[in-house]
Amino acid sequence: MTAMPWLQHLIVLPVLIPLVVGAVLIPVNETRHQLKFGFNLASTALSLFVAIALLLMADNGHWPLDIGVYLAANWPAPFGIVLVVDRLAALMLLLTATIALAVLIFSMQRWSRIGVHFHSLFQFLLMGLNGAFLTNDLFNLFVFFEVMLAASYGLVLHGYNLRRIRTGMQYIAINLVASFLFLIGVALIYAASGTLNIADLTTRVAQLGAEDSYLLSVGACILALAFLTKGAMWPLGFWLPGTYAAASPPVAAMLVLMTKVGVYAVLRVWQAVFGDEAGVLSGFGLDALMIGGMATLMFGAIGMLASQDGGRMAGYGAIISSGTLLAVIGQSEEGALAAGLYYLVGSTLAMAAFMMLIELTERIRPPGAALLAVTMEAFAIEDKPEDPVGVGIPRSLAFLGLAFAGCALVISGMPPLSGFIAKFSLFHALLDARAGDGVASVAPMTWLLIALIVLTGLAAIISLMRLGVRTFWASGALAAPRLQFSEAAPIAALVVLCVVLSVQAGAVFAYLTRTADGLARSADYSERVLTEPSVRPAAGHGGAQ
Amino acid sequence: MELVIAISVGIVFGAGVWLILRPRTFQLITGLMLMSYAVNLFIFAMGRLWVNQPPITPVAGIDPTQFADPLPQALVLTAIVIGFATTALYLVIMIGARGLTGSDHVDGEEPRE
C-alpha cells in the first residue's frame with residue numbers, strides 16, 4: 001500500500017515498547033537504580049518520538065482518510081483486534097509521552113527511589129494508557145484499562161505510608177467496581193449488536209431493531225458509568241481529590257492523564273457509535289453528559305474554594321477540567337470540540353506541572369521529613385534517598401513563583417496563556433454555532449454553561465491566589481529551597497510548552513479543527529477500519545506486501 | 001433456564017453490592033468476589049444459553065444459529081483472569097493496611113463511638 005510497509009508497525013510500538021521494557025526491568029535489582037532509570041528514560045523518549053511520527057503521519061496524508069489501521073496478528077476487522085491511529089489518538093499519545101517524560105525526569109533524584117518497581121509500573125501504566133488510546137475494540141479497551149489501573153494501583157501505593165494505603169484501598173475498591181460495570185456494559189452491547197469492534201458497531205447501530213437498540217443504550221449507559229468514574233464526573237468523582245493528594249507527586253501527575261482517558265473513551269465511543277449515522281440513537285445521552293459536566297464544574301469549583309492544601313486543590317482542578325470537557329462533548333459542536341481539545345491539552349500540561357510544583361513549594365516550609373519514615377521501615381531500604389545532592393539551581397524562589405503563576409494562569413483560564421485562549425474560543429464557538437443555525441437566540445443551557453465556566457475560573461483563581469499568597473508571601477522566615485536541576489527542568493519545560501501552545505495557537509487550532517472534523521465523520525472511520533486488507537506473504541520471499 | 005440464571009445472577013450481584021457497602025475489608029473483598037462471579041455469569045449468558053452445542057463453527061457454509069457463540073466464552077476467560085489478578089492485589093493491600101493500621105476497617109481506623 002505504501003512505499004515503506006514497515007512504517008505501518010509504528011502504530012503498535014507505543015504498546016510494545018513499554019511492555020517489553022517494563023518486563024525487562026522487573027528482575028533487575030533495585031540497587032541498580034541508574035540502569036533502571038536509563039532503560040525507562042530511553043523507552044519513554046522513544047515513545048515520544050513514535051508519537052511525534054504518528055502525529056505527523058496522521059496529519060500529512062500518509063494514510064487514506066488520515067486514519068492509520070493496524071491489524072493485530074493480521075486478522076481482518078471485525079474478527080481481530082484492530083489498532084487505529086487518527087489525529088485524536090496521535091494527539092493523546094503525544095500528550096501522554098510528553099508528560100511521562102517530564103514526570104520521569106522529575107522523579108529521577110528522589111521519588112523513584114522510595115519504593116520498589118517504580119520503573120516497571122511506570123512503563124506498564126504507559127502501555128495501558130497508549131493502548132487505551134489506540135484500540136478500536138471495546139473489550140480490548142477493557143484490557144488496556146485494567147493494565148493501566150493495575151499499574152496505577154501499584155503507583156498510588158508507591159512509597160507505602162499510612163495515608164496512601166488508606167486512600168489506595170478506596171481507590172482500588174471503586175475502580176474494581178467500575179471495572180465490573182465496564183464488563184456488564186460491554187456484555188450488553190455485545191448482546192444487542194453482536195460486535196465489540198467500535199467501527200463495526202457504527203455501521204450496525206442504525207439497523208438495530210427497537211428492542212436491541214434499547215438494550216444497546218442500556219449497555220452504553222453502564223459503560224459510560226465506568227468511563228465517567230475514571231473521568232471523575234459528579235457524582236462519580238469523590239475518590240479523586242483524596243487519592244491525588246495522597247499519591248506521590250509524580251504519580252499524581254500521571255493520574256491527571258488517567259482522568260483524561262475516561263473523557264477520551266467517552267468521546268471516542270460516543271462520536272463513533274452515536275454520531276450522525278446512528279439513526280434514532282443519534283446524539284443519545286449527550287444532554288446527560290452536558291448536565292453532568294456542569295454539575296461537575298460546580299462540584300469542582302466549590303471543592304477548590306474549600307480545600308486548603310495544594311494536593312487537594314489540584315485534584316479539584318482536574319475535576320473542573322473534566323467537567324468542562326464533558327460539557328463540551330455534550331454540546332456536540334465541532335468548533336466547540338476543537339476548543340475543548342485545546343483546553344484539554346493546555347490544562348493537562350499545566351495540571352501535571354502543578355502537581356510536581358506543589359511538592360517543591362512545600363519544601364519552603366519547615367522540613368516535614370516524616371513522609372519517608374514509614375517507607376523505610378516497610379521496605380527496609382537502607383540508604384535514604386539523598387536529599388540535596390546534584391546540581392542545584394540558583395534563584396529557586398523566583399523560579400517557583402513564576403512557574404506557579406504560569407500554572408495558575410492556565411488552570412484558571414486567565415490571559416495571556418492557553419487557558420484563556422481555550423475558554424474564549426469555546427465561548428465563541430458556542431455562541432457562533434447557534435447563530436449560524438439560523439436560531440436567533442442562544443439556548444439557556446448554553447448561557448448557563450458559559451456562566452459556569454466563567455465562575456469556576458473565578459473560583460480557581462481565588463483559591464490558587466490564596467495558596468500562592470500563603471506560600472510565597474506569608475510564610476514568615478522564608479528559606480530558599482534547594483532545587484535540583486532535574487526537578488526544576490521538567491516543570492519549566494511543561495510551563496514553556498503551555499506558553500508555546502498559546503503563541504502557536506493558530507497552528508494548533510488548525511490541527512484540532514481537523515481532528516474534530518475527522519471525529520464527526522464516523523462513516524469514514526468505520527469504512528477505513530473494516531476495509532483494511534490483511535497482509536499476504538509475497539510470492540517467493542515471505543516479506544510483507 | 002433463562003429465568004433461573006437471571007435470578008441467580010441478580011441474587012449474587014445484590015449480595016455483592018450489599019457486602020461492598022459494609023465497613024470491614026473482609027466483607028468488602030467477599031463482596032467484590034461475588035460481584036465478579038455475577039458479572040462473569042452475566043457475560044456468559046449474554047452469548048445466549050445453549051445446551052450441548054459445539055462452540056466453534058468447523059466448516060464454512062453451515063448454519064451458525066446451530067452453534068453456541070464462542071466469543072463470550074473467550075471474554076469470560078479474560079475477565080476471570082483479570083478479576084483474579086486484581087483481587088489478589090487487593091488482598092495484599094488489605095493485609096498491608098491491617099498491619100499498618102491495626103484495624104480492618106476500610107477507613108483504616110475504628111469508628112468513634
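Draft legend 1. Main features of the state of the cysteines. Enumeration over the complete set of coordinates arrives at zero disulfides over all chains. Distance from the sulfur of Cys407 of chain A, which forms no disulfide, to the nearest cysteine sulfur (Cys498 of chain A) is 6.7 Å.

Draft legend 2. How the structure looks around the environment of Thr86 of chain B. Tracing the chain through its elements places Thr86 of chain B in helix H3 (residues 70-101). Its relative accessible area of 7% is what places Thr86 of chain B among the buried residues. With residues up to four places along the chain from it excluded, the contact list for Thr86 of chain B reads Glu146, Tyr153 and Leu176 of chain A.

Draft legend 3. Looking closely at the nonpolar core. Grouped together as the largest cluster of nonpolar side chains are 223 residues, with contacts concentrated most on Leu138, Met254 and Ile491 of chain A together with Tyr90 of chain B. The greatest single-element share of this core, amounting to 20 residues, is contributed by helix H13 (residues 334-361) of chain A. In this structure Leu138 of chain A touches Phe182, Val186, Ile189, Leu196, Ile198, Leu201, Leu223 and Val269 of chain A, once residues within four positions along its chain are discounted.

Draft legend 4. Here's a closer look at the interface of chain A and chain B. Taken residue by residue, the interface counts 27 residues in chain A and 34 residues in chain B. Applying the counting criterion to the chain A and chain B interface returns zero salt bridges. Put simply, chain A and chain B have one residue pair in polar contact (both at pLDDT 80 or more) between them. Counting only elements with at least two residues in the side of chain A that touches chain B, the list comes to helix H5 (138-156) and helix H6 (162-193) of chain A. Here the side of chain A that touches chain B is built from residues that sort into 23 nonpolar, two polar and two charged.

Draft legend 5. Broad picture of the packing of aromatic side chains. Residues and elements named next belong to chain A. What the rule picks out here adds up to 16 aromatic pairs over all chains. Aromatic side chains Phe139 and Phe142 sit 5.5 Å apart centroid to centroid with 40° between the ring planes, which places their arrangement in the tilted category. In this pair, Phe139 and Phe142 are both assigned in helix H5, three residues apart and thus about one turn of the helix distant. Residue Phe139 is classed as buried on the basis of its relative accessible area of 7%. Look at Phe142 and you get buried, because its relative accessible area is 2%. Ring geometry for Phe145 versus Phe182: centroids 5.4 Å apart, planes at 75°, classification edge-to-face. Of this pair, Phe145 sits in helix H5 while Phe182 sits in helix H6, and the two are 37 residues apart along the sequence. The same class applies to Phe145 and to Phe182, which are both buried.

Here is what the cut-offs are and how they apply
- Residues numbered from 1 in each chain as written.
- Chains lettered and ligands numbered in written order.
- Predicted model: local features only at pLDDT ≥ 70, side-chain atom pairs only at ≥ 80, totals over all residues.
- Heavy atoms only, no water.
- Disulfide = S-S within 2.5 Å.
- Helix = DSSP H or I, 4+ residues; strand = E, 2+ residues; numbered from the N terminus.
- Buried < 20%, exposed > 50% of the residue type's maximum accessible area, 1.4 Å probe, protein only.
- Contact = heavy atoms within 4.5 Å.
- Core = buried A, V, L, I, M, F, W, Y, C linked by side-chain atoms within 4.5 Å.
- Salt bridge = Lys/Arg side-chain N within 4 Å of Asp/Glu carboxyl O.
- Polar contact = N/O pair within 3.5 Å; in protein donor to acceptor, adjacent residues only side chain to side chain.
- Nonpolar A, V, L, I, M, F, W, Y, C, P; charged D, E, K, R; others polar.
- Phe/Tyr/Trp six-rings, centres within 6.5 Å; stacked < 30°, edge-to-face > 60°.

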